[in-house]
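Structural features, examined
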Amino acid sequence: MIQMAIMGYGTIGSGVYHVVRTNREILAKNIGEELHVKYVLDIREFPGDPVEEVLVHDVNDILNDPEVSIVVETMGGVGVAYTFVKQVLEAGKSVATSNKELVAAKGAELMALAKSKQVNFLFEASVGGGIPIIRPLQTCLTGDDIEEVTGILNGTTNYILTRMNRDGSSFEAALKEAQDNGFTEKKPDADVEGWDACRKVAILTSLVLGELVDYEDIYTEGITKITTEDFAYANRLGWAIKLLGTSKKVDGKIYAMVCPALVKPEHPLYGVNDVFNGIMVHGNMVDDVMFYGRGAGSVPTASAVVGDVVEIAKNPGKVLYEGWTAKKHELSDIASSRKQFLVRVKEENADTAAAVFAGARRIDAGVEGETAFLTQELSEAEYEAAAAQVPGILHRIRVQA
């Protein structure tokens, strides 16, 4: 029998406990022996919950038990979670986590520590919830030069944008609906400001490059400035607006950013709506590969965590994946990255915008007092220089190639 522990009995931790108990026969068949949760660590009490039988409040109960070989971390954050995970690895126990903040900030260090102890630090659920993406990048696609990873990586923002498009809701109304449905926290900044997606882009880019990409170096723009007027122009063009996290190699340079973007119908991510996530990977040999599914939620995310547990259990004493080194990869300045822009301007400034954005296509969406222009392909720096010459710019959105 393989003994495991869970640190944190919140949404994901309780989901892991549920998956292990519900699918114990399937797990035993896949692993070759029974998997059992011996401890669940949490500071709270859960009267009437079956977890009471295995609930502990002291991490030392886990650290000092030689029978426990695998520990799941679902506490979240970097503070206590980092301290406990480091202690677990130093004790010679493997860790599976769903904690994107921890992986983005401390992943290289924890993977190196795990390797030195001949155990594993796995984190499939840290990006895309239940969508398998980490393992495919580390196994199935290792024969390719990965040239681009672009994804809808946050279900909350995708839900909000879907409601704004389908129902004509304002950002504020769509956000409240997301909160009422439990898709985001009362303080939704990490979602709507793009920080959650940013950390996930950092993890994916680090995996692709094999070197540390600091999430704080990634240009990040959320969806708080998206309006119903933006959707009027998007609908006029027949395009969608999505919050995309992108990492792309162009002429040997790596650009990474998170921002709202106009997506054309032929793009694989165009039809990804509501709380679903989608991740497109482009390799120089495989071309485009698409990963789609529920990017969050208790059981889908827990399923990915348990998948890591199974991998660890089936490979005792083996370090499964190298991950990335602590060497920092310097990203290229997005000022030289190139794309089209949809630029909304006040009607009174339309002639100036037409002259400055030479060759731009004018878009009429019937919005009173304004118009928009779809520019030629420009670098970010060229756009900024041109925009400085046009008074009355209301908003601009990038176009995803």
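Going by the structure above, here's the rest.
All of the points below concern the structure found in this document. (Residues numbered from 1 in each chain as written. Predicted model: local features only at pLDDT ≥ 70, side-chain atom pairs only at ≥ 80, totals over all residues. Heavy atoms only, no water.)

**Describing the environment of phenylalanine 341**
Threshold: In DSSP terms, a helix is any run of H or I states spanning at least four residues, a strand is any run of E spanning at least two, and both are numbered starting from the N terminus. Throughout this description, buried means an accessible area under 20% of the type-specific maximum (1.4 Å probe, protein chains only), exposed means over 50%, and partly exposed covers the range between. Between two residues, a contact is recorded if the distance between any of their heavy atoms is within 4.5 Å.
Relative to the helices and strands, phenylalanine 341 resides in strand E15 (residues 338–346). Judged by relative accessible area, which is 0%, phenylalanine 341 ranks as buried. Taking the C-alpha atoms as reference, phenylalanine 341 lies 10.0 Å from alanine 372; in sequence the two are 31 residues apart. Setting aside residues no more than four positions away along its own chain, phenylalanine 341 makes contact with Phe373, Leu374, Thr375, Leu378, Ser379, Glu380, Tyr383, Arg396, Ile397, Arg398 and Val399.

**Focus on the pairing of strand E11 (residues 253–263)**
Basically, it comes down to this: A pair of strands is treated as paired once DSSP finds two or more bridges between them.
Of all 11 residues in E11, 10 are buried, a share of seventy percent or more. Direction of pairing for strand E9 (residues 219–220) relative to E11: parallel, over a ladder of two bridges. Among the inter-strand pairings, tyrosine 219 is bridged to a residue of E11, identified as methionine 257. Once strand E10 (residues 240–250) ends, the chain turns through two residues before running back antiparallel as E11, passing aspartate 251 with a positive phi of about 50°. The pairing of E11 with strand E19 (residues 393–399) spans two bridges and is parallel. For alanine 261, the partnering residue across the bridge sits in E19 and is arginine 398.

**Some words on the packing of aromatic side chains**
Working definition: an aromatic ring pair is given by the centre-to-centre distance plus the angle between the planes. This is how it is decided: Here is the rule: rings of Phe, Tyr and Trp (six-membered ring for Trp) pair when centre to centre is within 6.5 Å. Planes less than 30 degrees apart are stacked, more than 60 are edge-to-face, and the remainder are tilted.
Within this structure, the stated rule accounts for eight aromatic pairs. Plain terms: the ring middles of phenylalanine 123 and tryptophan 324 are 5.7 Å apart, the flat faces sit at 70° to each other, and that makes the pair edge-to-face. Here phenylalanine 123 is found in the loop between strand E6 (121–122) and helix H6 (134–138), whereas its partner tryptophan 324 is found in the loop between helix H12 (298–314) and strand E14 (325–328), with 201 residues between them in sequence. Relative accessible area serves as the criterion here: at 4%, tryptophan 324 is assigned to the buried category. Aromatic pair phenylalanine 276 and tyrosine 292: ring centres 5.2 Å apart, planes at 5°, arrangement stacked. With phenylalanine 276 in strand E12 (residues 276–283) and tyrosine 292 in strand E13 (residues 287–294), the pair connects residues that are 16 residues apart, well separated along the chain. Taking relative accessible area as the criterion, phenylalanine 276 reaches 21% and is therefore assigned partly exposed. Looking at tyrosine 292, the relative accessible area reads 49%, which means it is partly exposed.

Keep in mind these values describe shape, not function.
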